[in-house]
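What the coordinates show
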Amino acid sequence: MKKFKLIKNRRVVALSLAATVFTSMISGCSKKIESDEIEQTELVAITQYDEEKKEVDFVIGNISALFPKLSDETISNTSLILLLDYLAKEDENGKISADVISNFKNIIDSDNMINEFNAFLGTLENAMISEKRVIPISSYISNKLDNDKKILSIVENITSNIIKSSNSEQVVSEFAKIYDLFVEEKKMKIDGIEFEIRDLGYGFRAVAQAYARTSAYYSKNYITDEQYKKIDDRTNDQNNKAQLKTKLEVLSNQIFEQSEIDVISALNSKYSSVDRFLKERLNISLEIETEKNLINYANLKYLASDKVSTKDKRELLGKYEDFNINEVMLAIDTLFAYNYKNQENAMLFSDLLINDYAKTENGLIDVMALNFVQYNAIMLLNSTNINSTFDEIFNNPYFQNIYKYIIWKDVTYEYYDENNNSVKFNIPWQEISDGVHFIDDTIILYTLNKLPNFDYKNSYLNQAESNLNSTIQYIQNTINNECKKVDTGDFVKVK
């Protein structure tokens, strides 16, 4: 297998990006500024940015610790929505500016951000109901939002009292407060604070509604069906999310949407280099559209991120077609079969990633995941034959690594760096992009089909097919921005 160089010194990359952000903050000023004024301006800009970044990082870190299985994108977008009133304050005329939030997002996709926020809210509510406890978001948000913290904390305490109480009268009494706040929309004075739910920012209003629904769930034996329904209806009316969406769209219109890099040139260069490599080095000729789709799917997390403009994303990805999925799956099979037969001249699937993505933290995980599956799949086929028994296959360390990946376990990739030193890299399964999962799942399915028949083989195949189905669904949804079920059975699988 080919070796590759581990990307080190992430801090250099981070500092470079920070410098880029800072430059954009202080450039574009038409007024002539003396050198001492420039130094003062830079100091103020850095101090302000550091303060805002500190608050964003604080919330991101807390939500990540609370819900480690949420994606980075979900956590980041949720944090920005919760901090929206701090990052996009209204001026005296009621207008908001994207000057601050643009330091954290250069593209605001309101639909995507609301969807990610909904995923967070669903996770929060389900966790509280299943674990029978309140998860106090007020304890994990910025002190810059003191009013929201205080009001949210009161709603949390009421919910906690309902969950913990075995006294029906107390439950009814506490639920009456929830009902008055959310259904009757009354102004109340609790714990010395006079407030109504509309005093909360839109994001925190949505969080408070999750507590209200949890309260209703644990009060259902003591309240009427009509009360339960009214809480459910009122907290699911989506008005606050509509207001959030409107605010995000206002901010989006203020941001000149532009990809962080010339992503079209970067992808065109990758298309050309991969095509040359396949034809000149491997003597493999694929349809150029298939090659492009394969590379696009490998880089899909990057293309779907806010680092790439909607215009560039649409131009690169085009329309989703089942036919394209079929052709890419067959291309992956072809390339893997070549790699297996020509292991000294193998093509790393990780070379499909563009450099600007591969050098990021998420990109590095994808690089390792692709190399991990490719290596273990080839070594598994190397170390088994037509006479291998179930015990021999199941106890094979390469099969065990593939098996861990199939059942969504974190894995460790051990390899030798350019200095021939052994390196271990822990790969968190949840942080591998779905585009890379698509390639890995296709390789795994191909590999399992090439193994001799053994007990429970169909169970492993079924799980691998289910995993592949999920990744195809992701590709379709990402390209089309819509949800439509797909069936892996419709796609070609090499037996």
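Before any of the text, the structure's been laid out above.
The sections below set out a description of the structure shown in this document. (Residues numbered from 1 in each chain as written. Predicted model: local features only at pLDDT ≥ 70, side-chain atom pairs only at ≥ 80, totals over all residues. Heavy atoms only, no water.)

1. Observations concerning the overall build of the protein
Spelled out, the test is: Here a strand is any run of E in DSSP of at least two residues, a helix any run of H or I of at least four, and the numbering for each starts at the N terminus. Throughout this description, buried means an accessible area under 20% of the type-specific maximum (1.4 Å probe, protein chains only), exposed means over 50%, and partly exposed covers the range between. Any two residues whose heavy atoms approach within 4.5 Å are treated as being in contact. All accessibility values rest on the Shrake-Rupley procedure with a 1.4 Å probe; residue burial counts only the protein chains present in the view.
Regarding its fold elements, the protein presents 21 helices and four strands. Among the 495 residues that make up the protein, the fraction classed as buried is 47%. Taking the contacts inside the protein whose residues are at least 6 apart along the sequence as the reference set, 72% of them involve residues at least 24 apart. Total accessible area on the protein is roughly 25,000 Å²; 45% of this is exposed by carbon and sulfur atoms.

2. Things to note about the packing of helix α5 (residues 110-131) against helix α8 (residues 202-219)
Heads up, the rule is: Whenever a helix is involved, its axis is fitted only over the stretch in contact; in every case the axis is a line through C-alpha atoms, and angles between N-to-C directions fall within 0 to 180 degrees. Convention used here: angles under 35 degrees read as roughly parallel, angles over 145 as roughly antiparallel, angles from 65 to 115 as roughly perpendicular, and any remaining angle as oblique. What makes a crossing left-handed is the near helix being turned counterclockwise from the far one by less than a right angle; a clockwise turn instead makes it right-handed. When residues are sorted by character, Ala, Val, Leu, Ile, Met, Phe, Trp, Tyr, Cys and Pro go into the nonpolar class, Asp, Glu, Lys and Arg into the charged class, and all the rest, Gly among them, into the polar class.
At a minimum axis distance of 10 Å, the contact between α5 and α8 shows a crossing angle of 30 degrees. With respect to α8, the element α5 is oriented roughly parallel. Considering how the two elements wind past one another, α5 and α8 form a crossing that is right-handed. The residues of α8 that touch α5, namely those facing F117, F120, L121, L124, E125, M128 and I129, are G203, A206, V207, A210, Y211, R213, T214, Y217 and Y218. Across the contact of α5 with α8, the residue classes break down as twelve nonpolar, two polar and two charged.

3. Here's the deal with the pattern of salt bridges
Selection criterion: Salt bridges are counted wherever a side-chain nitrogen of Lys or Arg sits within 4 Å of a carboxyl oxygen of Asp or Glu.
On inspection of all chains with the given rule, the structure shows 18 salt bridges. Between R234 and E185 there is a salt bridge; the shortest N-O distance is 3.3 Å. Note that R234 is positioned in helix α9 (residues 225-235) and E185 in the loop between α7 (168-182) and β1 (188-190), a separation of 49 residues in sequence. Residue R234 is classed as partly exposed on the basis of its relative accessible area, which comes to 30%. A salt bridge links R198 to E196, with the shortest nitrogen-to-oxygen separation between them at 3.7 Å. One network of salt bridges, in which partners are shared, links E185, E196, R198 and R234.

4. A few points about the packing of aromatic side chains
So the rule is basically this: Paired rings are identified among Phe, Tyr and Trp, the last through its six-membered ring, by centres lying within 6.5 Å, and are further divided according to the angle between planes into stacked (under 30 degrees), edge-to-face (over 60) and tilted (the rest).
Enumeration according to the criterion identifies 23 aromatic pairs in this entry. A centroid spacing of 6.2 Å and a plane angle of 90 degrees characterise the contact between F372 and Y413, whose relative ring orientation is edge-to-face. Within this pair, whereas F372 is found in helix α17 (residues 361-382), its partner Y413 is found in strand β3 (residues 411-416), the two being separated by 41 residues in sequence. Taking the centre distance of 6.1 Å and the plane angle of 55 degrees together, the rings of F394 and F399 count as tilted. We classify F399 as buried; its relative accessible area is 1%. Through a chain of ring-to-ring contacts, the aromatic side chains of F390, F394, F399, Y403, F454, Y456 and Y460 assemble into a single cluster.

5. Focus on unusual backbone geometry
Despite not being glycine, E185 shows a phi value in the positive range, around 55 degrees. Under the relative-accessibility criterion, E185 is labelled partly exposed at 38%. Backbone geometry at D191 places phi at a positive 55 degrees, although glycine is not the residue there. Note on placement: D191 falls in the loop between β1 and β2 (193-195). With relative accessibility at 62%, the residue D191 sits in the exposed group.

6. Side note on the nonpolar core
For clarity, the threshold we go by: Within this scheme, the nonpolar core is defined by two criteria: the residues are buried Ala, Val, Leu, Ile, Met, Phe, Trp, Tyr or Cys, and they are joined through side-chain atoms within 4.5 Å.
The biggest cluster of nonpolar side chains holds 79 residues, and the ones touching the most others in it are L278, F349, L352, I427, F438, I439 and L448. With twelve residues, the top contributor of residues to this core is α17. In contact with L278, not counting residues within four places along its chain, are N283, I284, L286, E291, L335 and M347. Core analysis: the next-biggest nonpolar cluster, separate from the first, contains 65 residues, I81, L145, F204 and L251 among them.

7. Digging into α7
What counts, and what does not: Helices are assigned an expected span. That span is 1.5 Å times one less than the residue count. Our arc is simply the arc of the directions from the helix axis toward the C-beta atoms.
In this model, α7 (15 residues) spans 21 Å end to end at C-alpha, consistent with the 21 Å of a helix rising 1.5 Å per residue. Every buried residue belonging to α7 is among V171, E174, F175, I178, Y179, L181 and F182, and all of these are buried. Projected down its long axis, α7 shows its buried positions confined to an angular sector of 165 degrees, all on one face. Where α7 is buried, its residues meet α6 (146-164), β1, β2, α8 and α9.

8. A closer look at the pairing of strand β4 (residues 422-427)
On any regular strand, side chains alternate: one points to one face of the sheet, the next to the other face. Heads up, the condition is: Pairing between two strands is assigned when DSSP locates at least 2 bridges connecting them.
Only one face of β4 is covered, namely the face carrying V423, F425 and I427; the face carrying S422, K424 and N426 is uncovered. Sheet topology places β3 next to β4; six bridges connect them, and they run antiparallel. Considered in β4, the bridge of E414 is made with K424. Between the end of β3 and the start of β4, which pair antiparallel, lie five residues, with N420 showing a positive phi angle near 65 degrees.

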